[in-house]
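Architecture and fold: a report
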Protein chains: 2
Amino acid sequence: MLSRSGIHAVRALVALANVSDGDYKGAALLADETDAPPNYLGKLLQALSREGLVESQKGLGGGFRLARAPEEITMYDVVRSIEDIRRWTQCLFGGDGCSDGNPCAVHHRWAVVRESYLEMMKTTRLVDLLPTENHRGTNPL
Amino acid sequence: MLSRSGIHAVRALVALANVSDGDYKGAALLADETDAPPNYLGKLLQALSREGLVESQKGLGGGFRLARAPEEITMYDVVRSIEDIRRWTQCLFGGDGCSDGNPCAVHHRWAVVRESYLEMMKTTRLVDLLPTENHRGTNPL
DNA sequence: TCCATTCAAGACAATGATATCCTCAACTGT
DNA sequence: ACAGTTGAGGATATCATTGTCTTGAATGGA
């Protein structure tokens, strides 16, 4: 389950995937392309920059670019930089006493769901989110 | 992913599962047993009452009781009464243009996770959450 | 140097979820 | 009838998330 921040962040990174080498794309343009609030997206990009996912450049012609290739960035990397993912590492009810040794009633069932989600996040890379010839500009992220 | 309200609600219903027939358990006691804020739990119980999951009784000896047997109430029933479950019926990014006909890049991957979650919620009944001999009073919900 | 552009950073506002408080109405036992 | 108990409901408070605004710092071009 992505937060709105997480959605903004992933969309922005996808929009950064096609900037030419050595080039940058500004936050305002990114916000326009992804329908995100410009100033807020700026904050999110700052966070992504602190986490080493993007590089920023001030001044004319400046903006943001990916710090790694789109093949090397997973949705998990992005979301972990933006959201508090502890709820996906804890058990469903968040009970402190719940552990593999003393499991709650839904411990194992939830583990299946949780692993399914985390595995999806960790195996889905930015490159997997890019529009293909199949959707020709209508990739409905 | 349960909200705190959802957690409170499920715990309260579990605590109602062992009320004797024709008897009631008060909101204050329920809150005490489940470590929930008493007044807030009252509101949640109101919602559960409106949805027909519990029945309430005012006055001395009053309180709440399950409207159906614990075998007939699923976690899905509870959560749907309390939370906005739309995020589990939409696609991961919530994009309006996303549909089975014009799927986004994560459409199918997310469908697997979503169905896994919804299936767990729909097949887990209150009776499945009750403490068993195995945990003897230490069911860490 | 001067200026326009762009990110960085902090203060502030809006929103929704969570939680509290108070009063009223319904019910029970005396 | 009366008093105590308990849920119902509304107003308000708190908090995290989301979003806006303003100022400053860095950068590059004229």
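Before any of the text, the structure's been laid out above.
This write-up is about the structure you can find in this document. Quick caveat, the model's predicted, so the values are computed rather than measured. Chains are numbered independently. Their residues run from 1 in the order of the written sequence. Going through the entries in the order they are written, you letter the chains from A and number the ligands from 1. Under the rules for a predicted model, residues below a pLDDT of 70 receive no local features and side-chain atom pairs below 80 are neither given nor counted, while totals for whole chains, interfaces and linings still include all residues. Side-chain numbers here rest on the full set of heavy atoms in the structure, without hydrogens or water.

Focus on the relation of the copies chain B and chain A
- Superposing copies: least-squares fit, C-alpha atoms only, residues required to have pLDDT of at least 70 in both. The operation relating chain B to chain A is a screw motion whose rotation component is 180°, with 0.0 Å of axial translation and a residual RMSD of 0.0 Å. The two molecules are tied by a two-fold rotation axis, judged by turn and shift. For chain B, the minimum C-alpha distance to the rotation axis belongs to Val113 of chain B and amounts to 3.3 Å.
- Taken as a fraction of all interface residues of chain B, those also at the interface in chain A reach 100%, which identifies the copy contact as same-surface. Throughout, a contact is declared for two residues whenever any of their heavy atoms are within 4.5 Å.

What to know about the protein's contact with DNA strand C
- The near set for a molecule or strand comprises every residue that places at least one heavy atom within 4 Å of it. Taken together, 24 residues lie around DNA strand C, and Ala27, Lys43 and Ser56 of chain A together with Ser5 and Pro37 of chain B are the ones closest in.
- Counting only atoms of DNA strand C within 4 Å of the protein, the fraction found in sugar and phosphate groups is 71%.
- Separating a sugar or linking oxygen of DNA strand C from a side-chain N or O atom of Gln57 of chain B is a distance of 3.0 Å.
- Three residue categories are used. Nonpolar comprises Ala, Val, Leu, Ile, Met, Phe, Trp, Tyr, Cys and Pro, charged comprises Asp, Glu, Lys and Arg, and polar comprises the others, including Gly. Of the residues that constitute the surface near DNA strand C, the class distribution is six nonpolar, 13 polar and five charged. Residues adjacent in sequence count toward polar contacts only when both atoms are side-chain atoms; beyond that, a polar contact is any pair of N or O atoms within 3.5 Å, and within protein one must be able to donate a hydrogen and the other to accept it.

Section: the pattern of salt bridges
- Each reported salt bridge corresponds to a side-chain nitrogen of Lys or Arg within 4 Å of a carboxyl oxygen of Asp or Glu. Applying the stated criterion to the full structure yields 14 salt bridges over all chains.
- Across the pair Glu55 of chain B and Arg65 of chain B runs a salt bridge whose closest N-O atoms are separated by 2.9 Å. Placement of Glu55 of chain B in strand 1 (residues 54–57) and of Arg65 of chain B in strand 2 (residues 63–66) is noted, with a sequence separation of ten residues between them.
- On the basis of relative accessibility, which here comes to 34%, the residue Glu55 of chain B falls in the partly exposed class.
- Between Asp128 of chain B and Arg125 of chain B there is a salt bridge, with its nearest N and O atoms 3.0 Å apart.
- Buried means the residue's accessible area, taken with a 1.4 Å probe over protein chains only, is under 20% of the maximum for its type, while exposed means over 50%, and partly exposed covers the values in between. Residue classification places Asp128 of chain B among the partly exposed residues on the basis of a relative accessible area of 22%.
- Here the salt bridges share partners, and the residues they tie into one network are Arg68, Asp77 and Arg80 of chain A. Note on conventions: DSSP H or I runs of at least 4 residues are helices, E runs of at least 2 residues are strands, and numbering of each starts at the N terminus.

No statement about biological role is implied by the geometric values presented.
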